[in-house]
Amino acid sequence: MEIKEIYDALYAYRKYPLEEKEYLYPIFLTTLSLLESRLNGVQKPLSKENNILLIIDYLIHEHFALLAMIKEEYEEEMRNSSSYKNRLSLIVCDKIFFNEYVNYEPVSLISKYDTLISTPRFILNFILNQLSNLSQRKEFVYQILFDAIQKGFLLSNTIFDLLVHGSETEAFSTWRTMHEMECVIKVLYEHPYLGDTYFLHIRYNEAFRNELEDKNEQERLILELKEKLKKHNLKVKDLKKYIEYGWMYEIKDQETIYPDFKLNFRKGLEYVAGFSSYSSLYEMSSEIAHSSPLLIYSKKDFFRDVSILSVYGTFLRLEEIFFNLLKMQQDSDIISYQSMREQHIKSMHIMYAQLQEEYKEKYNIGETETE
C-alpha cells in the first residue's frame, strides 16, 4: 500500500475529523521524514504502520491543542503559516521519539509474567468482566457492596501495574486506599442494615462540599448534620470526621461491642472491621503517601515484597466476600465463577501462605500483620 492509502485508512480507523485530514497530510509527511531520520540507529524501531498511526494520533491532538490556545480571529493565519506547520512537525517528532522510543522506565524488580503477578491479574480480569455483567441488586446495600468491591479490585489491578513498572513505593501507597476500601466493605458486609446510613453520609459529604444542585436540600442536610453532632456530644471541629466515620454509630450495641471506638480510621473504621493487626502496615503506607523520607530513600526490593504481601491479603479477603455475596444473591454466574475459583484462588492462597512465611523470616513481619 502507498503511504497515502495507509494514512487515509488509519485516519478513518481513528474516526478523526474529516475536515482536517487533507490539511494535516503534508505535515504528516514532514513528520514521518523527520522521525525516520531521528530513528536511524535506534534499536528495535516500531513498524512503519505503527509509526504512521503514532504520528496521526500525536498530530491531531497537538494540532487541536495549539488551535485552542489562540483567539479565533487568528486561527486561519496560523493554519496557513509555514512556521506553524514546521513547528507542529518538530513537536510531534520530539514527543514520539522521547515518549515512545527513549521513554524513561524505572528498573522493574518483577516481570508481568511472574506467577505472583500473572495469577492474580488473570483472576482480576475474570472477576472484573463478571462484575460488569452483574445485574442491579434489589437490596440497596448489596449494590453498594458490589460497587465498592469492584473499586477495590480495580485498585489491586493498579497496584500490580505499578509493580511491573518499577513503582514499588507508589504501589504500596495505593494499597493504603485499597485497605481503607476493604474496611468499609467488611463493616457493611457484617452489618448490611447500615447501607442507607452509609449512603446518607455520602450525601452529607456532598452537602458539606457544596456539591448538591438542590440548595434547599443541601441546607436541610447541613442542619441535620448539626443536630446529629449535638446528639453525639461532638463539636463543629468534629464535623468532617463525623461525616466520614459517624455512620458506624448506628451499629447495634455499638458502645458495648466496640467500647474503644473513635471517629478516625485506626480506632474507628479499621478497629470495627477487625483489621487492627494491619495498622502498622497502614501507618508505613501513610508515611509514603505523605512524601516522607521513607518515600525518597526507599529500598525497592522491600517495598516490592511488602506491596505484594499486602495486596494479596486484601485481595483474597475481598474475593471471599465477593464469592459469599454471589452465593447469597443466588447469582446465575456463580457456577462458572466457582469452577475458576476452585483452581486459581486456591493457588493464590498457597502463594500467599508462602509469602507470609518467607517475609516473616526475611523482614521479621509478624504473623499478626499477615494472617
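Each remark here, short or long, concerns the structure printed above.
Parameters at a glance
- Residues numbered from 1 in each chain as written.
- Predicted model: local features only at pLDDT ≥ 70, side-chain atom pairs only at ≥ 80, totals over all residues.
- Heavy atoms only, no water.
- Helix = DSSP H or I, 4+ residues; strand = E, 2+ residues; numbered from the N terminus.
- Rg over C-alpha atoms; globule rule 2.2 N^0.38 Å.
- Buried < 20%, exposed > 50% of the residue type's maximum accessible area, 1.4 Å probe, protein only.
- Contact = heavy atoms within 4.5 Å.
- Areas by Shrake-Rupley, 256 points an atom, 1.4 Å probe, with all protein chains shown as cover.
- Lys, Arg positive; Asp, Glu negative; His and termini not counted.
- Charge placed at Lys NZ, Arg CZ, Asp CG, Glu CD.
- Axes fitted to C-alpha atoms, helices over the stretch in contact; angles between N-to-C directions.
- Parallel < 35°, antiparallel > 145°, perpendicular 65-115°, else oblique.
- Left-handed = near helix turned anticlockwise from the far one by under 90°.
- Nonpolar A, V, L, I, M, F, W, Y, C, P; charged D, E, K, R; others polar.
- Core = buried A, V, L, I, M, F, W, Y, C linked by side-chain atoms within 4.5 Å.
- Patch = residues over 30% accessible without salt bridge, like charges linked within 9 Å, V, L, I, M, F, W, Y side chains within 5 Å.
- Salt bridge = Lys/Arg side-chain N within 4 Å of Asp/Glu carboxyl O.
- 1 Å grid on protein atoms, 1.4 Å probe; cavity = no way out; pocket = protein on both sides within 12 Å on 5 of 7 lines; lining within 4 Å.
- Points joined across faces, edges and corners; volume = space filled by probe spheres on them.
- Phe/Tyr/Trp six-rings, centres within 6.5 Å; stacked < 30°, edge-to-face > 60°.
- Lys NZ or Arg CZ within 6 Å of the ring centre and 35° of its normal.
- Polar contact = N/O pair within 3.5 Å; in protein donor to acceptor, adjacent residues only side chain to side chain.

## Topic: the overall build of the chain
Scanning the chain for helices and strands turns up 17 helices and zero strands. In terms of overall dimensions, the chain is more spread out than a globule: its C-alpha atoms have a radius of gyration of 27 Å, far above the 21 Å expected for 371 residues. Across its three principal axes, the chain shows a C-alpha extent of roughly 75 × 60 × 50 Å. Residues classed as buried in the chain amount to 46% of the 371 residues present. A fraction of 68% describes how many contacts in the chain between residues 6 or more apart in sequence connect residues 24 or more apart. Element-wise, carbon and sulfur atoms account for 51% of the exposed surface of the chain, whose accessible area totals about 20600 Å². Taking the 44 positively charged and 58 negatively charged side chains of the chain as two groups, their mean positions are separated by 3 Å.

## With respect to the packing of helix H3 (residues 48–68) against helix H5 (residues 82–101)
Two elements in contact, H3 and H5, have axes separated by 9 Å at closest approach and are oriented at 125°. Judged by the angle between their axes, H3 and H5 are oblique. H3 and H5 meet at a crossing whose hand is right-handed. On H5, the residues that touch Asn51, Leu54, Ile55, Tyr58, Leu59, Glu62, His63 and Leu66 of H3 are Tyr84, Arg87, Leu88, Ile91, Val92, Lys95, Ile96, Asn99, Glu100 and Tyr101. Of the residues contributing to the contact of H3 with H5, the split by class is 11 nonpolar, three polar and four charged.

## Here we look at the nonpolar core
In globular proteins that are soluble, nonpolar side chains generally tend to be buried together. Among the nonpolar cores identified, the biggest contains 82 residues, and Phe153, Val187, Met248, Leu269, Tyr312, Phe315 and Phe322 are the most heavily contacted of them. Listed in part, the 31 residues of the second largest apolar core include Tyr7, Ile27, Ile60 and Tyr101.

## Some thoughts on a nonpolar patch on the surface
A surface patch of nonpolar side chains, amounting to about 240 Å² of accessible area, comprises Phe140, Phe199 and Ile202. Following the sequence through the fold, Phe199 ends up in helix H9 (residues 195–208).

## Notes on the pattern of salt bridges
Summed over the entire model, instances satisfying the criterion amount to 22 salt bridges. Between Asp161 and Arg121 there is a salt bridge, with the nearest N and O atoms lying 2.4 Å from each other. In this pair, Asp161 sits in helix H7 (residues 140–164) while Arg121 sits in helix H6 (residues 115–133), placing the two residues 40 residues apart along the sequence. Between Asp305 and Arg304 there is a salt bridge, with the nearest N and O atoms lying 2.8 Å from each other.

## Some remarks on the packing of helix H1 (residues 3–14) against helix H2 (residues 21–38)
Between H1 and H2, whose axes approach to 11 Å, the crossing angle comes to 120°. By the angle between their axes, H1 is oblique relative to H2. In this structure, H1 crosses over H2, and the sense of that crossing is right-handed. Between H1 and H2, the contacting residues are Ile3, Lys4, Tyr7, Asp8 and Tyr11 on the first element and Lys21, Glu22, Leu24, Tyr25, Phe28, Leu29 and Leu32 on the second. Counted by class, the contact of H1 with H2 contains eight nonpolar, no polar and four charged residues.

## Some points on the layout of surface pockets
Of the pockets and cavities examined, the largest pocket occupies roughly 630 Å³. Residue lining of the largest pocket: 22 residues in total, with Val184, Tyr198, Asn205, Ile243 and Glu244 positioned closest to the centre. Among the elements of the structure, helix H8 (168–190), H9, helix H11 (239–245) and helix H13 (265–273) are those that each provide at least two residues to the lining of the largest pocket. With six residues, H9 is the largest single contributor of residues to the lining of the largest pocket.

## Quick notes on the packing of aromatic side chains
On inspection of all chains with the given rule, the structure shows 25 aromatic pairs. Note on Tyr258 and Tyr271: the rings are 5.7 Å apart at their centroids and 80° apart in plane angle, and the pair reads as edge-to-face. Of this pair, Tyr258 sits in the loop between helix H12 (254–257) and H13 while Tyr271 sits in helix H13; the two residues are 13 residues apart in sequence, bridging distant segments of the chain. Seen in terms of ring centroids, Phe302 and Phe303 are 5.0 Å apart; in terms of plane orientation they differ by 80°. Their pairing is edge-to-face. Each of the two residues, Phe302 as well as Phe303, counts as buried. The ring of Tyr193 is capped by Lys252, whose NZ or CZ atom sits 4.5 Å from the centre of that ring. Sitting over the face of the ring of Tyr278, Arg317 holds its NZ or CZ atom 4.4 Å from the ring centroid.

## Quick look at unusual backbone geometry
Unusually for a residue other than glycine, Lys15 sits at a positive phi of about 60°. Structurally, Lys15 can be placed in the loop between H1 and H2. On the accessibility criterion, Lys15 (74% relative accessible area) is exposed. A positive phi angle, near 55°, is found at Asn233, a position not held by glycine. The residue Asn233 is located in the loop between helix H10 (215–231) and H11 in this model.

## A closer look at the side chain of Glu62
As for its placement among the helices and strands, Glu62 is situated in helix H3. Of the polar contacts made by the side chain of Glu62, one reaches the side chain of Lys95; its length is 2.7 Å. Apart from residues lying up to four places away in sequence, Glu62 is in contact with Leu88, Ile91, Val92 and Lys95.

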